[in-house]
Amino acid sequence: MRVGVITFPGTLDDRDAARAVVAGGSEAVSLWHADTDLKNVDAVILPGGFSYGDYLRCGAISRFAPVMQLVIEAAGKGMPVLGICNGFQVLCESHLLPGALTRNSDLHFLCRDQEIEIVNNTTPWTSSYKADEKIVIPLKNGEGSFQCDDTTLAELEGEGRIIARYVGQNPNGSRNLIAGITNARGNVVGLMPHPEHAINELTGPSAQGLGFFTSILNAMVK
Amino acid sequence: MAKIVVDVMLKPEILDPQGNAVASALPRLGFSFAKSVRQGKRFEIEVEGEPTAAQLAEVEKAAEVLLSNPVIENYVVKVEK
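Residues numbered from 1 in each chain as written. Chains lettered and ligands numbered in written order. Predicted model: local features only at pLDDT ≥ 70, side-chain atom pairs only at ≥ 80, totals over all residues.

Trainee: Before we go on, may I ask you to explain the overall build of chain A in this structure?
Mentor: When helices and strands are tallied, chain A shows five helices and 11 strands. At 15 Å, chain A has a C-alpha radius of gyration in line with the 17 Å of a compact globule built from 222 residues. For chain A, the C-alpha atoms occupy an extent of roughly 40 × 35 × 35 Å along the three principal directions. In chain A, the proportion of contacts linking residues at least 24 apart, taken out of those at least 6 apart, comes to 75%. (Helix = DSSP H or I, 4+ residues; strand = E, 2+ residues; numbered from the N terminus. Rg over C-alpha atoms; globule rule 2.2 N^0.38 Å. Contact = placed C-beta atoms within 7 Å.)

Here you go:
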């Protein structure tokens, strides 16, 4: 399976995401923000970082990158897309996912190991996990507070579209402890914490993030 | 030369931690006037001559698409001499 990893100017975590894709058993394909074709990938990851310096709003400028027009079109046809951290922000700005990520409620940039619960394991990115499985992966962001209006929140809750929640104290003020969500179709997933930094106990708090990358292989093989 | 100004503010129901931080810093400096503070963004756009209705319509569109995120923010477009 070919999984594209997009690099925008200012992206940080593209190398780790590509490593995680390979560790999960797929082929990692580098995509550049200015690319005008998706190189026949089967899925796409938007990694973390500070694309375009987070100018204007996080993800606001990346949304208009040429490669994003292709991603938006492909996502509409059902291609699995995973946005991690800044990638999640880009997906919200692109309106592929509802809501927005705003400044952490305590204003601090957080960088820590965070326990989350996978509450929807039916997406192509979470199927390797057991329902309600708890994992510990790094959380590192300044603008990770998920906000949306009450109607959207009720929809997300009612349709099982929250894929992961923070466990314990709310780290950033996200509504309903939301760490990750999916779109109505279930192919586009946004996640604030970083599974790609937790694929090996030597370099991460656990290897429990690997499930996102084995999930996508399983989803494609089916 | 006229200036088109776009003010972007977080919607009232969206938490504004930056505004709150400013509000709590003010009394520490002896300023006691603030009941609350909201922080926003201001864009100043210069155009040649008086802005036309068409230009203002374009700015409205840009404010909707790029300058603000309608999910969490409101904007106001106005002209300054």
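After presenting the structure, the write-up continues.
Trainee: Where do I start with the overall build of chain B in this structure?
Mentor: When helices and strands are counted, chain B shows two helices and three strands. Going residue by residue from the N terminus, the α and β elements of chain B occur as β-α-β-α-β. Its C-alpha atoms give chain B a radius of gyration of 16 Å, clearly above 12 Å, the size a compact globule of 81 residues would have. Seen through its C-alpha atoms, chain B measures out along the principal axes to roughly 45 × 30 × 15 Å. In chain B, once contacts between residues fewer than 6 apart in sequence are set aside, the share between residues at least 24 apart is 71%.

Trainee: Looking at this model, I keep getting lost on the sheet that holds strand β2 (residues 40-47) of chain B. Mind explaining?
Mentor: Note: strands within a sheet are paired through backbone hydrogen bonds, in either parallel or antiparallel orientation. All names here are of chain B. With antiparallel pairing, three strands are arranged side by side in an open sheet as β2-β1-β3. The strands lining the two open edges of the sheet, one partner per strand, are β2 and β3 (73-80). Neighbour-to-neighbour, the strand axes of this sheet turn through a mean angle of 20 degrees, independent of strand direction. Alignment of strand β1 (residues 2-10) against β3, held across eight bridges, turns out to be antiparallel. Bridge assignment links Val-8 to a residue of β3, and that residue is Tyr-75. (Pairing = 2+ DSSP bridges. Axes fitted to C-alpha atoms, helices over the stretch in contact; angles between N-to-C directions.)

Trainee: Looking at this model, I keep getting lost on the pairing of strand β6 (residues 110-118) of chain A. Mind explaining?
Mentor: Note on strand geometry: in a regular strand, side chains alternate between the two faces of the sheet. Residue and element names in this part refer to chain A. In this sheet, strand β7 (residues 133-141) lies alongside β6 in antiparallel orientation, the contact comprising nine bridges. Across the sheet, residue Ile-116 finds its bridge partner in β7, namely Ile-135. One ladder, built from three bridges, connects β6 with strand β9 (residues 162-166); its direction is antiparallel. Following the sheet pairing, Ile-116 is matched in β9 by Tyr-166.

Trainee: I keep staring at the sheet that holds strand β2 (residues 27-32) of chain A and nothing clicks. Help me out?
Mentor: Residue and element names in this part refer to chain A. One open sheet holds the nine strands; their spatial order is β2-β1-β3-β4-β11-β10-β9-β6-β7, and the pairing between them is mixed. The sheet is open, and its two borders are formed by β2 and β7, each paired with just one other strand. Within this sheet the neighbouring strands show an average axis-to-axis angle of 25 degrees, counted without direction. Looking at chain direction, strand β10 (residues 178-182) and strand β11 (residues 188-191) are connected through three bridges and run antiparallel. Opposite Ile-181, over in β11, you have Gly-190 as the bridge partner.

Trainee: Explanation requested: the environment of Val-41 of chain A in the structure shown.
Mentor: Residue and element names in this part refer to chain A. By the element assignment, Val-41 lies in the loop between β2 and β3 (43-46). On the neighbour-count criterion, Val-41 (24 C-beta atoms within 10 Å) is buried. Along the primary structure Val-41 and Cys-111 are separated by 70 residues, whereas in three dimensions their C-alpha atoms are 31 Å apart. For Val-41, the residues in contact, after removing those within four places along its chain, are Arg-2, Val-3, Gly-4 and Val-29. (Buried ≥ 20, exposed ≤ 12 C-beta atoms within 10 Å, placed from the backbone.)

Trainee: Sorry if this is basic, but what is going on with the environment of Phe-212 of chain A here?
Mentor: All names here are of chain A. Position of Phe-212 relative to the elements: it lies in helix α5 (residues 211-221). Sequence separation of Phe-212 and Tyr-129 is 83 residues, and the distance between their C-alpha atoms is 8.2 Å. Residue contacts for Phe-212: discarding those within four places in its chain leaves Leu-82, Trp-125, Thr-126 and Pro-195.

Trainee: Explain the confidence of the model for chain B here, please?
Mentor: Reading fine detail from the predicted coordinates is not recommended where pLDDT is low. Taken over all residues, the pLDDT of chain B has a mean of 94, while the share at 70 or more is 100%. Note on the complex model: pTM 0.93, ipTM 0.84. (pLDDT = per-residue confidence, 0-100.)

Trainee: Where do I start with the environment of Asn-141 of chain A in this structure?
Mentor: Residue and element names in this part refer to chain A. You can see Asn-141 is positioned in strand β7. Linking Asn-141 and Gly-158, residues 17 residues apart in sequence, is a C-alpha distance of 28 Å. If near-sequence neighbours (up to four positions away) are discounted, Asn-141 is found in contact with Cys-85, Leu-110 and Met-192.

Trainee: Help me understand unusual backbone geometry, please; the structure alone is not making it clear to me.
Mentor: Most peptide bonds are trans, and most residues other than glycine sit at a negative phi. All names here are of chain A. We note that Asn-40 has phi near 55 degrees; this positive angle belongs to a residue other than glycine. Take Asn-40: it is sitting in the loop between β2 and β3. Take Asn-40: there are 8 C-beta atoms within 10 Å of it, and that puts it in the exposed class. Here Asn-176, not a glycine, exhibits a phi torsion of approximately 50 degrees, which is positive.

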